[in-house]
Amino acid sequence: MTLNNADTGREYIIRAIDTDDKEMDAFLFSLGCFSGEPITVVSRLKGGCVVAIKDGRYTIDEQLAGAICV
């Protein structure tokens, strides 16, 4: 399941980052988004969502959310 299908307000553990785009992978890693880390979908927006990773909140688009497997 990806973050696009995740329930709002529930904490998940990132299982994998499914992308062949090295730039996207590096960007997600810089946010602290990698296997084993907890992530929560805080809210949904048109075209994306707000996620909480570690101590930060980030707005990510549907493409990024679709690459994060939980």
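Here the structure is a predicted model, which is why all the values come from computation and not from measurement.

## Some remarks on the nonpolar core
Phase 1: Leu3, Leu28, Cys33, Ile39, Val51, Ile60 and Ile68 are the most contacted members of the largest nonpolar core, which totals 20 residues.
Phase 2: For this core, the elements supplying multiple residues, two or more each, are helix 1 (22-30), strand 3 (38-45), strand 4 (48-53) and helix 2 (62-67).
Phase 3: If we ignore the near neighbours within four places in the chain, the residues touching Leu28 are Ile17, Cys33, Leu64 and Ile68.

## A word on the packing of aromatic side chains
Phase 1: Within the structure shown, the criterion is met by 1 aromatic pair.
Phase 2: Their ring planes at 40° and their centres at 5.2 Å tell us that Phe29 and Phe34 sit as a pair that is tilted.
Phase 3: Here Phe29 falls in the exposed class, since its relative accessible area comes to 54%.
Phase 4: For Phe34, a relative accessible area of 27% puts it in the partly exposed group.

## What to know about the environment of Arg10
Phase 1: Assignment of secondary structure puts Arg10 in the segment before strand 1 (11-13).
Phase 2: What makes Arg10 partly exposed here is its relative accessible area of 46%.
Phase 3: Each C-alpha atom of the pair Arg10 and Cys33 lies 16 Å from the other, and the pair is 23 residues apart in sequence.
Phase 4: Ignoring any residue separated from it by four or fewer positions in sequence, one finds Arg10 in contact with Ile39, Thr40 and Val41.

## Remarks on the sheet that holds strand 4
Phase 1: In space, the 4 strands of this open sheet follow the order 1-3-4-5, with antiparallel pairing throughout. Every interior strand has two partners, whereas the edge strands, strand 1 and strand 5 (56-61), have only one. Direction aside, the axes of adjacent strands within the sheet are offset by 35° on average.

## Remarks on the side chain of Thr2
Phase 1: Mapping Thr2 onto the fold places it in the segment before strand 1.
Phase 2: Not counting chain neighbours up to four residues away, the residues in contact with Thr2 comprise Ala65, Gly66, Ile68, Cys69 and Val70.

Conventions we followed
Numbers given for residues are sequential positions, taken from 1 along each chain in its written order. Predicted model: local features are reported for residues with pLDDT of at least 70 only, side-chain atom pairs are reported and counted for 80 or more only, and whole-chain, interface and lining totals are derived from all residues. With hydrogens and water stripped out, all remaining heavy atoms of the structure feed into the side-chain values. We call a set of buried Ala, Val, Leu, Ile, Met, Phe, Trp, Tyr and Cys residues a nonpolar core when their side-chain atoms join them within 4.5 Å. Using a 1.4 Å probe on the protein chains alone, a residue whose accessible area is under 20% of its type maximum counts as buried, one over 50% counts as exposed, and one in between counts as partly exposed. Runs of H or I in DSSP of at least four residues are treated as helices and runs of E of at least two as strands, each being numbered from the N terminus. Working rule for contacts: check all heavy atoms of both residues, and any pair within 4.5 Å makes them a contact. For Phe, Tyr and Trp, where Trp contributes only its six-membered ring, two rings pair if their centres lie within 6.5 Å, and the inter-plane angle classes them as stacked under 30 degrees, edge-to-face over 60, or tilted in between. By the convention used here, strands pair only if DSSP detects at least 2 bridges between them. For helices, the fitted axis covers only the stretch in contact; all axes are lines through C-alpha atoms, and the angles between them, taken along N-to-C directions, range from 0 to 180 degrees.

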